[in-house]
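# Analysis of the macromolecular model
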Amino acid sequence: MRWFIGDVHGCREELEEMLERISREDSAPELFSTGDVVGKGPDVPGALALVEREGIRAVLGNHEAWLLRKAEILRNAPSELEEKQRRDLAVYGDGLGRAVEFVRSWPLYREFPDIDLVHAGLEPGVDSLAEMNPACLLAIRTWGGSVERMWEIDAPEKAWFNLVRWPKKVVFGHWAYRMPEPPPGFVGLDTGCVYGGALTAWCAEEDRRISVPARRDYAEKHAPKPTSAPR
Ligand SMILES: [Mn+2]
């Protein structure tokens, strides 16, 4: 069966536990990730290595896109990197080159006969994934009419999934904090593990979720309210 795992953000231990739980129910699972495996969390290189070793097929998240951009700058014009960016890259140690090489192979979306997988969401008004602005696929939450206006999280009527009609199910992550309930057919899997929420996986064939609670709060900002806790 196909299992789609939400945003890991370096929560390697929770990902390990999730893989154990899935393997107890499914002896030959096909594993996918909504992206944002990297960034923010306690063991980013470890989480990435686990994704590679277990053959989890991911899509690019905005944090992987950031990694690719900053690694490119580091190679070509290191003096342009700010101190914080340097610290964020330092978590990879000697493994940065390998991490970049792995992440570079991830696509912006994955298509199945019945499902499309993206990190953040779809660009309203565009009929084909290939023609969507990558910035939307990577980072959209709400849609104010342009890619510059995707950030009004307190306007649920502008949530991208309320502005899109799509013939397949759409599986996505990215929106852990104050996400309105998506309509049927839209499966949001970022339940804020790195903020002390949970890591969630969804089994497509059985339309059900598994959730592994975070062992602790790893990042304090934007902690999800109880209303957006995993179901
Ligand atoms: Mn994201």
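Please refer to the structure higher up on the page.
Residues numbered from 1 in each chain as written. Predicted model: local features only at pLDDT ≥ 70, side-chain atom pairs only at ≥ 80, totals over all residues. Heavy atoms only, no water.

## Comments concerning the overall build of the protein
Note the cut-off: Each helix corresponds to a stretch of at least 4 residues labelled H or I by DSSP, and each strand to a stretch of at least 2 residues labelled E; elements are numbered beginning at the N terminus. Radius of gyration here is computed from C-alpha atoms only, and the compact-globule reference equals 2.2 Å multiplied by the residue count raised to the power 0.38. The rule is simple: take the accessible area with a 1.4 Å probe, protein chains only, and divide by the maximum for that residue type; under 20% is buried, over 50% is exposed, in between is partly exposed. Note on contacts: a residue pair qualifies if any of its non-hydrogen atoms lie within 4.5 Å across the two residues. All accessible areas in this document rest on Shrake-Rupley with a 1.4 Å probe, and a residue is counted as covered only by the protein chains that are shown. None of His or the chain ends enter the tally, which takes Lys and Arg as positive and Asp and Glu as negative. One atom stands in for each charge, and that atom is NZ of Lys, CZ of Arg, CG of Asp or CD of Glu.
Broken down by element type, the protein carries six helices and nine strands. Against the globule reference of 17 Å for 231 residues, the protein gives a C-alpha radius of gyration of 17 Å, in line with a compact fold. Dimensions along the principal axes, computed over C-alpha positions, put the protein at roughly 45 × 45 × 35 Å. Considering the protein as a whole, with its 231 residues, one finds that 49% of them fall into the buried category. Across the protein, every contact between residues at least 6 apart in sequence was considered, and the portion connecting residues at least 24 apart equals 62%. Only carbon and sulfur atoms are counted for the fraction: they give 48% of the accessible area of the protein, which is about 11100 Å². Here the protein carries 30 positive and 38 negative side-chain charges, and the mean point of each set is 2 Å from the other.

## Considerations on the coordination of the manganese ion
Put simply, the rule reads: In this listing, donors mean N, O and S atoms no farther than 2.8 Å from the metal, or 3.2 Å for Na, K and Ca; water is missing from the atoms, so a site can look incomplete.
The coordination sphere of the manganese ion, as far as protein atoms go, consists of D36 (OD), N62 (OD1), H119 (NE2) and H174 (ND1), spread over 2.0 to 2.2 Å. You can call D36 buried: its relative accessible area is 2%.

## Concerning the side chain of K70
To be explicit about the condition: Salt bridge, as applied in this entry: a Lys or Arg side-chain nitrogen positioned within 4 Å of an Asp or Glu carboxyl oxygen.
Relative to the assigned elements, K70 resides in helix 3 (residues 62–76). Although buried, K70 forms no salt bridge, and the nearest oppositely charged side chain, E82, lies 6.6 Å from it. Sequence-distant contacts of K70, defined by excluding residues within four places in its chain, comprise L81, Q85 and L89.

## Quick notes on the sheet that holds strand 5 (residues 115–118)
Using the following cut-off: For two strands to be treated as a pair, DSSP must find no fewer than two bridges joining them. Helix axes use the C-alpha atoms of the stretch in contact, all axes being lines fitted to C-alpha atoms, and the angles between their N-to-C directions lie in the range 0 to 180 degrees.
Reading across the sheet, the four strands line up as 4-5-6-7 and stay open at both edges, with mixed pairing between neighbours. In the strand order of this sheet, the two ends are held by strand 4 (109–111) and strand 7 (186–188), each with one partner. Taking each pair of neighbouring strands and ignoring which way they run, the sheet shows an average axis angle of 15 degrees. Two strands pair when backbone bridges link them, and strand 4 and strand 5 are joined in this way by three bridges, in the antiparallel orientation. By the bridge assignment for strand 5, Y109 is matched with V118.

## Overview of unusual backbone geometry
Although it is not a glycine, H174 sits at a positive phi angle of roughly 75 degrees. Checked against the element boundaries, H174 lands in the loop between strand 6 (169–172) and strand 7. The phi torsion at D207 lies on the positive side, around 45 degrees, for a residue other than glycine. With respect to the helices and strands, D207 occurs in the loop between strand 8 (198–203) and strand 9 (208–213).

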